[in-house]
Every structure is written in C-alpha cells, then in structure tokens.
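Chain residues, written in single-letter form:
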Amino acid sequence: MDVAMTSTTQTVCPSCGGPVSDADRFCEACGAELNPGTSPTTPALDTDTEPTVEITAPAAEAVVGPCRSCGGVIGAEGYCETCGTKAAKPRDHFDEQPAPWVAGVCDRGIRHSRNEDAMAIAATAEPGSRALLVVCDGVSSSLDSDVASLAAARAALEVLVAGHAQGMGTAESHNAAIVARLKAAADAANDAVLDNTSPDSPNPASCTFVAAVLEDGLLVAGNVGDSRAYWFPDDAEAMALTVDDSWAAELIATGVSREEAESGPHAHAITRWLGKDAPDHTPRTTTIPVTGPGWVVVCSDGLWNYCSEAAPLADLVRQTAAAHGGEPLPTASALVDWANAQGGQDNITVALARV
C-alpha cells in the first residue's frame, strides 16, 4: 500500500501552544486565528512546547460535506460559515472495510484535539480465510505521533499483504513463517516512524504496535506497547492474545489487582514502543488455532480502557454484534460510540474480523 507524503512545517499556536502547521489559519485546539501565510513565531509560555521542526506528513485531505452541527457550508479555512464550528478532519473519524467480514473504525474521541490512533486492514473475500489487522497508537507526549502512527500502520500492512509464505508444509513451519512476517512488519513500522521523525527532535515520534494475522486456521498476534488483540470464540472462553508492555502489566504480574494497576498514576506508562529511542521493537507473539466461529478484535486502549478484562469485553462485543446483525462495520462503529459514551478520554480504534 502506497502512502502519499508531502512536506509540512509544524510549530505552535501563540495563544495555547498547541501544534499548528504553516498551512493552518486557525488553531485546531483553541480556534485562535493565525497570521495567514506565515507561521506563528511567539509560542505560549509553556515548558513543554516543542521547537519548530521539518516533518513529513500524509497528504492533506480536503474537508467534505456540510457542517455536522448545523448543516451549513464549510468555508476554505475549515470552519462553518453559518455557526463557526470547526469542521471535522477526515483523520478525526474514518473506517475501513476490505471485505464484508472484516472492518475497523478509528476515532479521535472526545477529549483529544487530534487523532493519534491509526489502523490499516486487509482481507480476502472468503469469510474466515485471511485477514490482516494492524493498529498503532501514537504516544501523545511525543512530537508528530499522529503522522508516525499512520505511516507505521500502513507500512506494516504492506509487508503483511506482500508476504504469504506457507513454510515447509507443516503447522509448525507455517506458524514460524507467519511469525517471521509479523516481525518484519514491526521492523517496517519502526522504520516508518523513524522516517517521519526529525533527526534533531528532542522528543522523537513514537507509537504502539499490534497486529493480528488470521490465515488458514491459524491466528497469530504480536504487539509492542499497550494496544491489544483478542480472540472471542462463540462457544469457548475469551482470550487476550497480547500482554501489555506497560508499568500496569508489570504490577499485575507481581500480584497487584488489575483494577488497582490500571487506575494508578502510571497506568498508561508503556515500557516498549516504536521509535527512535525505543529499547526494543520486536513484538511478542502468540499463536492459536481457530476451529470455530468467533470474533478477532484488535484495538487501542481507547476501547479497553473502559472494559479491560477479556471476558467482559467479549460480552460487550457479542452483545453489540447481536444488536447490529453480526455485521463487523456497524459493530465496530457502535463499540467506538460506546467508548465515547464512557468519556472518550482517548483516541479509539476497533478492528474486527468475524470468523
């Protein structure tokens, strides 16, 4: 999958210190008007403000459709000419459905000013045959994580789509071939993050990585960070296929309750990630045979934040699917709506495959 890239200069809003580019006329975070044709030169007094750097970013997508608030016309600056509401950007909420049995939804959430989540998915037409689901969650405290996460997800999917090695004809060699391909996808994702990071950035872009490969009765998942993959069979116990690389997961391993560990002050501090300063980006992988019907779920913490354990999350997915005719795209969309209804404090991504 090709990614169109262009060059943009990113700096900060003089009113709130939020990130803006030289093409912006209004700040996305606070709505302040910027000097047309020039970049702000006086940042807000903020010790966390990032310096101006040159980055590569996905090609700009035009805002289409009427205002979501009043139905008015969206002006050239990206604001409604009737009510003044900032128009939603295509990246704020998008979905993909490569086949009727596979779909995903990626959403900005309620509390964040931009969507730093990303996904890239692919599937063959026959249900249960081959599905590739990748989710990357940009680390909010790093610079340009929204750009890096999207580039990483697309680069990983490109590797997974291109490779279809069967091994030596045995189940063990087939599994080894998929695991090797998944690790190569993580390498490509990490390279994509580096390619979208300024060499002299004091806070390099970084993101999480999780991918699930369903192929010929095998389900292989691997992750770096705290985005997750699950297998929810219809007639068996729900399974978490990944273990978070996080302080919370380490506390849980020592006997601290999940509720306490995931609600503490460092609950979302991750210990591994993709990026320039990553200690190790080799994904830990899990393989299981798939012998019956069920749901493959790959998601960011914007969803599991509100329903962390596998069993209750499986109940939520099954109930939501039942209410939407078992269709993956409406189910994923409803799960995103559910997470937003719980507070939407983070970006939310849900990718589903119905076996």
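Whatever comes next refers back to the structure up there.
Counting starts from 1 at the beginning of each chain's written sequence and moves along it residue by residue. Only residues with pLDDT of at least 70 get local features here, since the model is predicted, and only at 80 or more are side-chain atom pairs given and counted; chain-wide, interface and lining totals rely on the full set of residues. Side-chain figures throughout are based on the complete set of non-hydrogen atoms in the structure, without hydrogens or water.

Caption draft 1: Expanded view of helix H7 (residues 328-341). Helix and strand definitions follow DSSP, with helices as H or I runs of at least four residues and strands as E runs of at least two, each counted in order from the N terminus. Each residue after the first adds 1.5 Å to the expected span of a helix. Taking 1.5 Å of rise per residue, the 14 residues of H7 would be expected to cover 20 Å, and the 20 Å separating its terminal C-alpha atoms lies within 8% of that figure. Taken as a whole, H7 has its buried residues at Pro328, Thr331, Ala332, Ala334, Leu335, Val336, Ala339 and Asn340. Where the residues of H7 are buried, they touch strand E5 (102-107), strand E15 (294-299), helix H5 (301-304), helix H6 (310-323) and strand E16 (348-354). After H7 finishes, the residue Gly343 shows a positive phi value of roughly 140°. Throughout, exposure labels follow a simple rule: accessible area from a 1.4 Å probe, protein chains only, divided by the maximum for the residue type, with under 20% read as buried, over 50% as exposed, and the rest as partly exposed. Any two residues having at least one pair of non-hydrogen atoms within 4.5 Å are treated as being in contact.

Caption draft 2: Up close: H6. Helix length check: H6 (14 residues) gives 20 Å between terminal C-alpha atoms against 20 Å at 1.5 Å per residue, within 8%. Turning to H6, its buried residues are Ala310, Leu313, Ala314, Leu316, Val317, Thr320 and Ala321. Projected down its long axis, H6 shows its buried positions confined to an angular sector of 160°, all on one face. Projecting away from the buried face of H6 at angles above 90 degrees are the exposed residues Gln319, Ala322 and Ala323. This arc is taken over the directions from the axis of the helix to the C-beta atoms.

Caption draft 3: Broad picture of the sheet that holds E15. At least two bridges found by DSSP between two strands is the condition for calling them paired. Strands sit in the order E4-E5-E16-E15-E11-E12 across an open sheet of 6 strands; the sheet is antiparallel. Strand pairing shows two members of the sheet lacking a second neighbour, strand E4 (93-99) and strand E12 (239-240), which therefore form its edges. In this sheet, E16 lies alongside E5 in antiparallel orientation, the contact comprising 6 bridges. Looking at the pairing, Asp107 lines up with Ile348 of E16.

Caption draft 4: Broad picture of the nonpolar core. Put simply, a nonpolar core is a bunch of buried Ala, Val, Leu, Ile, Met, Phe, Trp, Tyr and Cys residues held in one set by side-chain atoms that sit within 4.5 Å of each other. Ranked by internal contacts, the top residues of the largest apolar core, which has 29 residues, are Val134, Cys136, Ala152, Leu160, Val193, Phe209 and Leu274. Listing elements by their share of this core, those giving two or more residues are strand E6 (117-123), strand E7 (130-137), helix H1 (145-162), helix H2 (171-195), strand E9 (209-215) and strand E10 (218-224). Setting aside chain neighbours within four positions, we find Leu160 in contact with Arg130, Leu132, Val134, Arg181, Leu182, Ala185, Ala211 and Val213. Of all hydrophobic cores here, the second largest spans 24 residues; its members include Phe94, Val135, Ile288 and Ala351.

Caption draft 5: Inspection of the state of the cysteines at higher detail. In this description, the term disulfide denotes a pair of cysteine sulfurs within 2.5 Å. This model, assessed by the stated rule, comprises 0 disulfides. Take Cys136: it sits in no disulfide, and the sulfur closest to it among the cysteines is that of Cys207, at 4.5 Å. Taking relative accessible area as the criterion, Cys136 reaches 0% and is therefore assigned buried.

Caption draft 6: Geometry of the side chain of Thr349. Tracing the backbone shows Thr349 in strand E16. If we ignore the near neighbours within four places in the chain, the residues touching Thr349 are Val105, Cys106, Asp117, Ala118, Met119, Val135, Val298, Cys299 and Ser300.

Caption draft 7: Spotlight on the sheet that holds E6. Strand order in the open sheet made by the 5 strands is E6-E7-E9-E10-E14, with antiparallel pairing throughout. Edge strands, defined here as strands with exactly one partner in the open sheet, are E6 and strand E14 (284-289). If you compare each strand with its neighbour and ignore which way they point, the axes differ by 10° on average. Summarising the sheet, E10 and E14 pair through 6 bridges and their orientation is antiparallel. Its bridge partner lying in E14, Asn223 is registered against Arg284. Every axis in this analysis is a line fitted to C-alpha atoms, fitted for helices over the stretch in contact. Angles between the N-to-C directions lie between 0 and 180 degrees. Across the face of the sheet, H1 comes into contact with E6, E7 and E9 while running at roughly 160° to E7. In the packing of H2 onto the sheet, contacts are made with E7, E9, E10 and E14, and the angle to E9 comes to roughly 150°.

Caption draft 8: Here's a closer look at the packing of aromatic side chains. Within 6.5 Å between ring centres, the rings of Phe, Tyr and Trp (the latter by its six-membered ring) count as paired, and their orientation is classed by plane angle as stacked under 30 degrees, edge-to-face over 60, tilted in between. All chains considered together, the criterion is met by 2 aromatic pairs. Pairing Tyr230 with Phe232 gives two aromatic rings, centres 5.3 Å apart and planes at 35°, and the pair type is tilted. The pair Tyr230 / Phe232 is uniform in exposure class, with both members buried. Cation placement over rings: the criterion is NZ of Lys or CZ of Arg within 6 Å of the ring centroid and within 35° of the ring normal. Arg228 extends its terminal NZ or CZ atom over the ring of Trp304, reaching a point 3.4 Å from the ring centre.

Caption draft 9: Representation of the packing of H6 against H7 in the model. Axis separation between H6 and H7 bottoms out at 9 Å; the angle between their running directions is 120°. In terms of axis orientation, H6 runs oblique to H7. For the pair H6 and H7, the sense of crossing is right-handed. Contacts from Leu316, Val317, Thr320 and Ala321 of H6 reach H7 at Thr331, Ala334, Leu335 and Trp338. Considering only residue class, the contact of H6 with H7 consists of 6 nonpolar, 2 polar and no charged. Each angle gets one of four labels, with under 35 degrees taken as roughly parallel, over 145 as roughly antiparallel, 65 to 115 as roughly perpendicular, and the rest as oblique. Take the far helix as the reference: if the near one is turned anticlockwise from it by less than a right angle, the crossing is left-handed, and if turned clockwise, right-handed. Residue polarity follows a fixed list, in which Ala, Val, Leu, Ile, Met, Phe, Trp, Tyr, Cys and Pro are nonpolar, Asp, Glu, Lys and Arg are charged, and the others, Gly among them, are polar.

Caption draft 10: Representation of the pattern of salt bridges in the model. Whenever a carboxyl oxygen of Asp or Glu lies within 4 Å of a side-chain nitrogen of Lys or Arg, that contact is scored as a salt bridge. Applying the stated criterion across every chain yields a total of 11 salt bridges. Close ionic contact of Arg272 with Asp245 constitutes a salt bridge, the shortest N to O distance being 3.2 Å. One end of the pair, Arg272, is in the loop between helix H4 (258-261) and strand E13 (274-275); the other, Asp245, is in the loop between E12 and helix H3 (247-253), with 27 residues separating them in the sequence. In this pair, the class of Arg272 matches that of Asp245, namely buried. In the salt-bridge network here, residues are joined through shared partners; they are Asp245, Arg272, Asp280 and Arg284.

Purely spatial values, then, with no claim about function.
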